[in-house]
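Below are the chains, spelled out letter by letter.
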Amino acid sequence: MRHTDGMTEIWIAKFIAIHLLLTSAPYGAGGVQITDLRVPPAVRNGSSGTLLDCEYSLRPEELDADSGLVVKWFFNNEPAPVYQWIPGQKPQELGVLQGRLNLEYRASEHRATMHRALYIVNPTTELSGDYKCFVSTFKDEDFMTKKMVVFAPGKDLEVHASQIGDALNITCRAQGLFPEPKLAIYKDSNLKDKLKEVSVHTTIRNGVFDITATKLLDQDDLSSPTILDCDLRIPEANYVVRKSYVYYKGKQKSDGKKKKKKKKKKKKDGEKRKKKKPELAITETVRIFSECLKPTPVDKLYPIIGIAPLTIRRAVAADAERRKQTNDSRHPLHDHQPVVSRLKSRKSFITRTKPLEGTSESNRITRWKSMLPSNNPSKEELAPVNDLPYHVIVFRVGVSLCKTNMQKWGIFSADGVASCECGVTQDPNHLLICPLLEQPCTTQDLIEANNKAIGVATFWKC
């Protein structure tokens, strides 16, 4: 009987232990569980995009539409999420990720997991921090956190060496880095002999770091050659870049010698300018004999060659590309939403343009006419030029020998009279409508090079 009671006590103890084990297990064990959180530890600033994925498993009943499944992402332990997705609804971007995500990205085709991930477009340094994925249902929840650093490698690492007395001054400099960098100088290429007492100065400018390391070395302690390495690191991003300087005795120039060399260079430039003066005189003489006293203004050439100005051609081409971006689903930027830029100088292609209406040619002509309504062809084609007298071409491009032009160019005194024989000021426009002409002409006649324009140019030629 005692043996039986002992066995009963053992079974009772086992039952209590199993009960305690089950009741102490976390609620929903075997339910929502994040199996893998893939967050890149380091991402280059301004890269095309980066993916943060949160894989999780669910119980069969939690796959139902009424399970209350919600996926949230949090940034730097902030209480409000920066992303939220409920199956059956569109994902939402919030906070610092507002306008920074590709909400069309799908991590899978399953209804309960398709929008679990973050696809960040053009990540920048302010998005560095801890990212927490939080998955919950009405019965269970789970979360996991990992850190991502968006690093800026900055501009090229610069290495400079100069002689100060008997010492060699070696300076390493880098700008525009993030997060905080480290800079060291080594005396050999194996990075074993790290120089001590190096002066390192770090400053913060517009959210990024500039760093400079300087060291004075006694040249008597340096062999020839000696390799000096600048070692730049961003520890949080595991980013390393090195640049070497090879020292040879007697090859370094002092600061004073450098300045003296610059003065000599300026003197040589002055000598070159003096040599060019005879050539300029010859050019001016040729212009006088050819009756083309000044170079043709560039804006006058566009109507002659039948090509719209560059600013108009660029604007129309950009608007045409915007039309493709809006209407063609195959365009790389189709449905793209512009990202708010930290720099005012950087403007999005989408915010600067609008979809083009009509043909590119008609838009170029319309904008051209609005800019120069009185001197603009009705279509883009080469203006007549074959077999035209040279003085007609000169007259057409606005460098005619009227008295106001001659006075402006210094051909005769500015105090002289710039009046025509008819008593009116003789400027380029007056030459077209002067009462002395048998038949006046218009600027359009000059573009077409018709008989009226030829007659006017010939009259003033005589």
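Look a little higher up for the structure.
Throughout, a residue's number is its position along its own chain's written sequence, starting from 1. This being a predicted model, a pLDDT of at least 70 is required before a residue's local features are given, and a value of 80 or more before pairs of side-chain atoms are given or counted; all residues contribute to the totals for chains, interfaces and linings. Only hydrogens and water are set aside when side-chain values are computed; all heavy atoms of the structure are taken into account.

**Student:** Help me understand the overall build of the chain in this model?
**Tutor:** Helix and strand definitions here come from DSSP, where helices need a minimum of 4 consecutive H or I residues and strands a minimum of 2 consecutive E residues; each element is numbered from the N-terminal end. Within the chain one finds eleven helices and 16 strands. Exposure is judged per residue with a 1.4 Å probe applied to protein chains only, and the accessible area is read against the type maximum: over 50% gives exposed, under 20% gives buried, and values in between give partly exposed. Within the chain, buried positions represent 35% of all 462 residues.

**Student:** Can you walk me through the layout of surface pockets in this structure?
**Tutor:** Regions of empty space are outlined by a rolling probe, equal in size to a water molecule, passed over the atoms. Of the volumes computed, that of the largest pocket is approximately 860 Å³. Counting only elements with at least two residues in the lining of the largest pocket, the list comes to strand 11 (167-177) and helix 5 (349-352). Ranked by the residues each element gives to the lining of the largest pocket, the list is headed by helix 5, at three residues. For this classification, the nonpolar set comprises Ala, Val, Leu, Ile, Met, Phe, Trp, Tyr, Cys and Pro, the charged set comprises Asp, Glu, Lys and Arg, and every other residue, Gly included, is treated as polar. Grouping the amino acids of the lining of the largest pocket by side-chain chemistry returns ten nonpolar, 13 polar and seven charged. Whether a set of points on the 1 Å grid over the protein atoms alone is a cavity depends on a 1.4 Å probe fitting there but being unable to get out, while an open set qualifies as a pocket with protein on both sides within 12 Å along at least five of seven lines; lining residues are those with an atom within 4 Å of a point. Grid points are joined across faces, edges and corners, and a volume is the space filled by probe spheres set on the points.

**Student:** I'm lost on the state of the cysteines in this one. Help?
**Tutor:** Among covalent bonds in proteins, the disulfide is the one between the sulfur atoms of two cysteines. In what follows, a disulfide is any cysteine sulfur pair within 2.5 Å. Evaluation of the coordinates by the stated rule reveals two disulfides. Disulfide pairing is shown between C54 and C133; the S-S distance is 2.1 Å. The chirality of the disulfide connecting C54 with C133 is left-handed, given an S-S dihedral of about -85°. Taken together, the residues C54 in strand 3 (residues 49-57) and C133 in strand 8 (residues 129-136) connect sequence positions 79 residues apart. Exposure class is identical for C54 and C133. Each is buried. Covalent S-S linkage joins C172 and C230, the inter-sulfur distance amounting to 1.7 Å. On the S-S bond that ties C172 to C230, the torsion sits near -55°, and the link is left-handed. Taken as a pair, C172 in strand 11 and C230 in strand 15 (residues 226-234) lie far apart in primary sequence, 58 residues in all. Neither residue differs from the other here; C172 and C230 are each classed as buried. If you count the bonded cysteines of the chain from the N-terminus, they pair up as 1-2, 3-4. There is no disulfide at C422, and the cysteine sulfur nearest it, in C420, is 3.8 Å away.

**Student:** Is there a simple way to explain the sheet that holds strand 2 (residues 42-44) in this structure?
**Tutor:** Hydrogen bonds between backbone groups are what pair the strands of a sheet, and the pairing can be parallel or antiparallel. Ordered by their spatial adjacency, six strands build an open sheet running 2-9-8-4-5-6, and the pairing between neighbours is mixed. With one partner strand each, in any of the chains shown, strand 2 and strand 6 (92-93) form the two edges of the open sheet. Should DSSP find at least two bridges between two strands, the strands are regarded as paired. By the bridge criterion, three bridges tie strand 2 to strand 9 (residues 141-151) in an arrangement that is parallel. Bridging across to strand 9, R44 finds its partner in F151.

**Student:** Could you clarify how one ought to interpret the pairing of strand 16 (residues 239-247) in this entry?
**Tutor:** Both faces of the sheet carry side chains from a regular strand, because those side chains alternate between them. Examined bridge by bridge, strand 15 and strand 16 share nine bridges and lie antiparallel to one another. Bridged to D229 within strand 16 is S244. What sits between strand 15 and strand 16 in their antiparallel hairpin is a turn of four residues, with N238 showing a positive phi close to 55°.

**Student:** Is there a simple way to think about empty space enclosed by the protein in this case?
**Tutor:** In this structure the tally under the stated criterion is two cavities of 30 Å³ or more. By volume, the largest cavity is sized at about 60 Å³. Residue lining of the largest cavity: Y83, P91, L101, N102, L103, Y105, H115, A117, L118 and Y119, and that is the complete set. When its residues are assigned to classes, the lining of the largest cavity shows eight nonpolar, two polar and no charged. In this structure, the second largest cavity encloses a volume near 40 Å³. For the second largest cavity, the full set of lining residues is K155, D156, E158, R173, A174 and Q175.

**Student:** Could you clarify how one ought to interpret unusual backbone geometry in this entry?
**Tutor:** Both trends apply: most residues other than glycine have a negative phi, and most peptide bonds are in trans. With omega at -10°, the peptide bond leading from F178 into P179 counts as cis. Of note, P179 is situated in the loop between strand 11 and strand 12 (182-186). At the junction of S224 and P225, the peptide bond is cis and its omega measures out at 5° in the coordinates. Following the sequence through the fold, P225 ends up in the loop between strand 14 (208-218) and strand 15. Backbone geometry at D335 places phi at a positive 65°, although glycine is not the residue there. Relative to the helices and strands, D335 is located in the loop between helix 4 (310-327) and helix 5.

**Student:** Would you mind showing me how to read a nonpolar patch on the surface here?
**Tutor:** Side chains of I227, V246 and Y248 sit close together on the surface and give an oily, nonpolar patch of about 230 Å² of accessible area. For Y248, the location among the structural elements is in the loop between strand 16 and helix 2 (255-290). In this analysis, a patch consists of residues with relative accessible area above 30% that form no salt bridge, clustered at 9 Å for like charges and at 5 Å for the nonpolar side chains Val, Leu, Ile, Met, Phe, Trp and Tyr. Only the protein chains shown count as cover for residues, and the accessible areas themselves come from Shrake-Rupley with a 1.4 Å probe. We define a salt bridge as a contact between a side-chain nitrogen of Lys or Arg and a carboxyl oxygen of Asp or Glu at a distance within 4 Å.

**Student:** Explanation requested: helix 4 in the structure shown.
**Tutor:** Residues spaced three or four apart along an α-helix face the same direction, because each turn holds 3.6 residues. How far a helix is expected to stretch is found by multiplying one less than its residue total by 1.5 Å. Between its first and last C-alpha atoms helix 4 spans 26 Å; for 18 residues at 1.5 Å apiece the expected length is 26 Å, and the two agree. Among all positions in helix 4, only I312, V316, D319, A320, R322 and Q325 are buried. The inward-facing, buried residues of helix 4 contact helix 5 and helix 6 (360-371). When checking whether two residues touch, look at their non-hydrogen atoms; a contact exists if any pair is within 4.5 Å.

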